[in-house]
Amino acid sequence: MKARPYADGTMAGIALGVVLLASFVLAGRGIGASGAFAATAGPVAAAIDPGTIEAAPALADRLPTDFAPWNDWIVLELLGVIAGALVSARLAGRWRTATNDRAPGRLTRAVAGGALMGLGARLAYGCTSGLALSGGALLSTGAWLFIPLAFATAIGVTALARDRRLEELA
Amino acid sequence: MIPDNIHPAITAIPIGIAFGVILERAGLGDPKVIAGQLRGRDFTVVKVMFGAIVTALLGVVWAGSAGWLDPSAIAMPPTDLPAQALGAVIFGGGFALAALCPGTACVAAASGRRDGLAAVGGMFAGTALTPVAWPVVRGVVAETPREGSTLASDLGVPLGIVVVLLTAAAVLAMIIGRVMERRGGGSVWRPTTPESVAMALAATFAVADGRGALPSSRAEAIAAEIERESDHVEALELAELIRSRAPGLRILDLRDGVDTSTYVIPGARLMALSDIDTVSVAPGEKLVLYSDGGAHAAQAWVLLRVRGIRDALVLKDGMAAWEDEVLSPLAPAVPDDTSKARFVRARELSLWFGGFPRLVPDASTPASGTRPRRRRTC
């Protein structure tokens, strides 16, 4: 099956805005992603080294230590994201159509990038979904500091790393 | 809003599925699309993000002004600007390396991409290892972040202006994106229908909000705060705040006809009610307003609250309460445990502030100069 083209960005954005609004109304909170990593990785970190988290109140605030994924809204929501994306990719003929994830160093950079995003999101109280998108729509000051800074840094790093290793993605 | 006693899965899973489907359909699970954005070749990320932010923002402000939704009841990420700036820079670097963000990495993994799975693994590891990096970064982190701070309240700009400026900026970013994607097509500079609708909705909101034509939700929210009495502080509480040198405490005296020879609450600054519009509150500051009986202070509180300033409290019953409860507290006629404890606390504070605790109601207060002439205006 041939992969279908992607949807129009503006229309997808409006649809996402309606979903975000529904989340505000129905759940009283915005959508997110990194919070689910905190809710699952936090208890793991606490099990290995409980002292460090307890000693830093500001850290305890960002990294939950109680493990209760089945009652945690954000964990359940991210499971929904995975299920929705899986079904959508299958229906659109995009399952495993990736050809550029075998490029040398690609997996290493994905792991390193993921790890940096994990730390950055804990410092910032959220990621592109929970802070930039949901906080941005609520006019949160922190979100509107995060959006330009995170994108400017990402654009700068991409421009500086002007070698062939990033070319394979474009 | 759905009641609290239902299982979170009932809202979380459908909302998550819709989120995942939209990200996948838009192509954001594909690192090629995100890398294209970071190189200025493909503006899908800008279109999806700003399209979603503007749609939800306009939905919240309009639904809020219609009274269908209480925007202040929606959980919002806290604000801790230094930590968020550092976090944004670290996050941005990771975003460039992975060409995926946490949410889209999950979408990529769910589409069968191994680099998506790798980024998800990295996210998990990086989050779990945050305590290891903590000693290095903790210097910029606030012990207690600010809750509920918005651009409107922090900058002291009316909500309608913020809404219209952000909508215009988002539409402009989308138009620039179209121009850079096509590089010289004919009508790319014209806003599309959804963009025009968004600008019209934002502009209408700004005009209606500026004219005070959208009273319902804001007035209701403020009325609810007044009803909860979360807007005031008791005289004894204020006395304890002053004595303990509470950080960020700022006291404003709004009485009429007060000059430098009149007794004021220690640390208070004089201000006329007509100057209240010039007040701005820095992060971490707590404003306490008082007048003779409290009416002027309460009116000033509403004027501040309408401007989005939430960190203001009114001294309950004003200077009259300060005199009766702090300067010359009266011993209870028939003491029970509660009233006795209260008097002991009040007496101690009173002596600290140079007051005269009374044992009987008609005891004349010694002429000390600390007691102001009782004025029963506002």
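Residues numbered from 1 in each chain as written. Chains lettered and ligands numbered in written order. Predicted model: local features only at pLDDT ≥ 70, side-chain atom pairs only at ≥ 80, totals over all residues. Heavy atoms only, no water.

## Things to note about the overall build of chain A
Point 1. Counting its regular elements, chain A contains 9 helices and 0 strands.
Point 2. Traced from its N-terminal end to its C-terminal end, chain A shows the element sequence α-α-α-α-α-α-α-α-α.
Point 3. Dimensions of chain A along its principal axes, counting C-alpha atoms only, are 50 × 40 × 30 Å.
Point 4. Buried residues in chain A amount to 54% of all 170 residues.
Point 5. A separation of at least 24 residues holds for 62% of the contacts in chain A among residues at least 6 apart in sequence.
Point 6. Summed over its atoms, the accessible surface of chain A is roughly 7100 Å², and 66% of this surface lies on carbon and sulfur atoms. (Helix = DSSP H or I, 4+ residues; strand = E, 2+ residues; numbered from the N terminus. Buried < 20%, exposed > 50% of the residue type's maximum accessible area, 1.4 Å probe, protein only. Contact = heavy atoms within 4.5 Å. Areas by Shrake-Rupley, 256 points an atom, 1.4 Å probe, with all protein chains shown as cover.)

## Side note on the overall build of chain B
Point 1. Looking only at helices and strands, one finds 15 helices and 5 strands in chain B.
Point 2. Counting across all 378 residues of chain B, residues that qualify as buried make up 48%.
Point 3. A separation threshold of at least 6 residues defines the contact pool for chain B, and within that pool the share at least 24 residues apart is 67%.
Point 4. A total accessible area of about 17300 Å² is found for chain B, and carbon and sulfur atoms account for 61% of it.

## Some points on the interface of chain A and chain B
Point 1. Tallying the contact residues gives 118 residues for chain A and 109 residues for chain B.
Point 2. Across the interface of chain A and chain B, roughly 10100 Å² is buried in total on both sides, 75% from carbon and sulfur atoms.
Point 3. At the junction of chain A with chain B, the criterion picks out 3 salt bridges.
Point 4. Salt-bridge contacts for Asp115 of chain B lead to Arg106 of chain A; the nearest nitrogen and oxygen are separated by 2.9 Å. (Buried area = accessible area lost by both parts, 1.4 Å probe. Salt bridge = Lys/Arg side-chain N within 4 Å of Asp/Glu carboxyl O.)

## Some details on the sheet that holds strand S4 (residues 286–290) of chain B
Residues and elements named next belong to chain B.
Point 1. With parallel pairing, 5 strands are arranged side by side in an open sheet as S1-S5-S4-S2-S3. Of all strands in the sheet, those with a lone pairing partner are strand S1 (232–233) and strand S3 (269–270), marking the two edges.
Point 2. Relative to S4, strand S2 (residues 249–253) runs parallel, the two being bridged by 5 bridges. Along S4, the bridge assignment pairs Leu252 with Leu289.
Point 3. Strands S1, S2, S4 and strand S5 (312–315) of the sheet are contacted by helix H12 (residues 235–243), whose axis makes an angle of about 125° with S2. (Pairing = 2+ DSSP bridges. Axes fitted to C-alpha atoms, helices over the stretch in contact; angles between N-to-C directions.)

## Focus: the environment of Thr204 of chain B
Point 1. In this structure, Thr204 of chain B sits in helix H10 (residues 193–210).
Point 2. Along the sequence, Thr204 of chain B and Ser149 of chain B sit 55 residues apart, while their C-alpha atoms lie 24 Å from each other.

## Describing the pairing of S2 of chain B
All names here are of chain B.
Point 1. Counted residue by residue, S2 has 4 buried out of 5 residues, so it is predominantly covered.
Point 2. Relative to S3, S2 is paired through 2 bridges, and the arrangement is parallel. Counted as the bridge partner of Leu252 is Arg269 from S3.

## Topic: the confidence of the model for chain B
Residue and element names in this part refer to chain B.
Point 1. Across chain B, pLDDT averages 85, with 88% of residues at or above 70.
Point 2. This model gives residues 366–370 a pLDDT under 50, and the stretch forms 6 contacts once residues within four places in sequence are excluded.
Point 3. For this predicted complex, the interface confidence reaches an ipTM of 0.95, while the overall pTM sits at 0.72. (pLDDT = per-residue confidence, 0-100.)

## Quick look at the side chain of Arg62 of chain A
All names here are of chain A.
Point 1. Tracing the sequence through the fold places Arg62 in helix H4 (residues 57–62).
Point 2. With relative accessibility at 2%, the residue Arg62 sits in the buried group.
Point 3. At 2.7 Å, the side chain of Arg62 forms a polar contact with the backbone oxygen of Arg122.
Point 4. Polar contacts involving the side chain of Arg62 include one to the side chain of Tyr125, which spans 3.4 Å. (Polar contact = N/O pair within 3.5 Å; in protein donor to acceptor, adjacent residues only side chain to side chain.)

## Some points on the nonpolar core
Point 1. Membership of the largest hydrophobic core comes to 90 residues, with the highest contact counts inside it found for Leu16, Phe24, Leu133, Trp144 and Phe146 of chain A together with Phe91 and Phe95 of chain B.
Point 2. Examining the composition of this core, we find that 14 residues originate from one element, helix H3 (residues 44–65) of chain B, more than from any other.
Point 3. Beyond its immediate stretch of four places on either side in the chain, Phe95 of chain B contacts Met117, Phe151 and Ala154 of chain A together with Ile34, Leu38, Leu100 and Cys101 of chain B.
Point 4. One finds Ile242, Leu315, Met319 and Leu327 of chain B within the second-largest nonpolar core, a separate group that totals 22 residues. (Core = buried A, V, L, I, M, F, W, Y, C linked by side-chain atoms within 4.5 Å.)

## Observations concerning helix H6 (residues 106–124) of chain A
Given 3.6 residues per turn, any residue in an α-helix points the same way as the ones three and four places further on.
Point 1. Between its first and last C-alpha atoms H6 of chain A spans 26 Å; for 19 residues at 1.5 Å apiece the expected length is 27 Å, and the two agree.
Point 2. Following H6 of chain A by one or two positions, Tyr125 of chain A has its phi on the positive side, about 65°. (Expected span 1.5 Å × (residues − 1).)

## Focus on the side chain of Ser291 of chain B
Point 1. Structurally, the position occupied by Ser291 of chain B is in the loop between S4 and helix H13 (295–306).
Point 2. One polar contact links the side chain of Ser291 of chain B to the main-chain amide nitrogen of Ala297 of chain B, over a distance of 3.1 Å.

## Some points on a nonpolar patch on the surface
Point 1. Nonpolar side chains collect at one region of the surface, where Leu172, Ile176, Met180 and Trp189 of chain B lie side by side and expose about 390 Å² of accessible area between them.
Point 2. With respect to the helices and strands, the residue Met180 of chain B is situated in helix H9 (residues 159–182). (Patch = residues over 30% accessible without salt bridge, like charges linked within 9 Å, V, L, I, M, F, W, Y side chains within 5 Å.)

## Observations concerning the packing of H12 of chain B against helix H14 (residues 318–327) of chain B
All names here are of chain B.
Point 1. Two elements in contact, H12 and H14, have axes whose closest approach is 9 Å; the angle formed by their N-to-C orientations is 70°. The angle between H12 and H14 places the two elements in the roughly perpendicular class. Of H14, the residues touching H12 (which contributes Ala235, Leu236, Leu238, Ala239 and Ile242) are Ala321, Trp322, Glu325 and Val326.
Point 2. Taken together, the residues of the contact of H12 with H14 break down into 8 nonpolar, no polar and 1 charged. (Parallel < 35°, antiparallel > 145°, perpendicular 65-115°, else oblique. Nonpolar A, V, L, I, M, F, W, Y, C, P; charged D, E, K, R; others polar.)

## Comments concerning the packing of aromatic side chains
Residues and elements named next belong to chain B.
Point 1. Scanning the model with the defined rule gives 6 aromatic pairs over all chains in all.
Point 2. Both rings, one in Trp322 and one in Phe353, keep their centres 5.2 Å apart while their planes meet at 80°; by these two values the pair is edge-to-face. With Trp322 in helix H14 and Phe353 in the segment after helix H15 (337–352), this residue pair connects regions lying 31 residues apart in the sequence. Neither Trp322 nor Phe353 differs from the other in exposure class; each is buried. (Phe/Tyr/Trp six-rings, centres within 6.5 Å; stacked < 30°, edge-to-face > 60°.)

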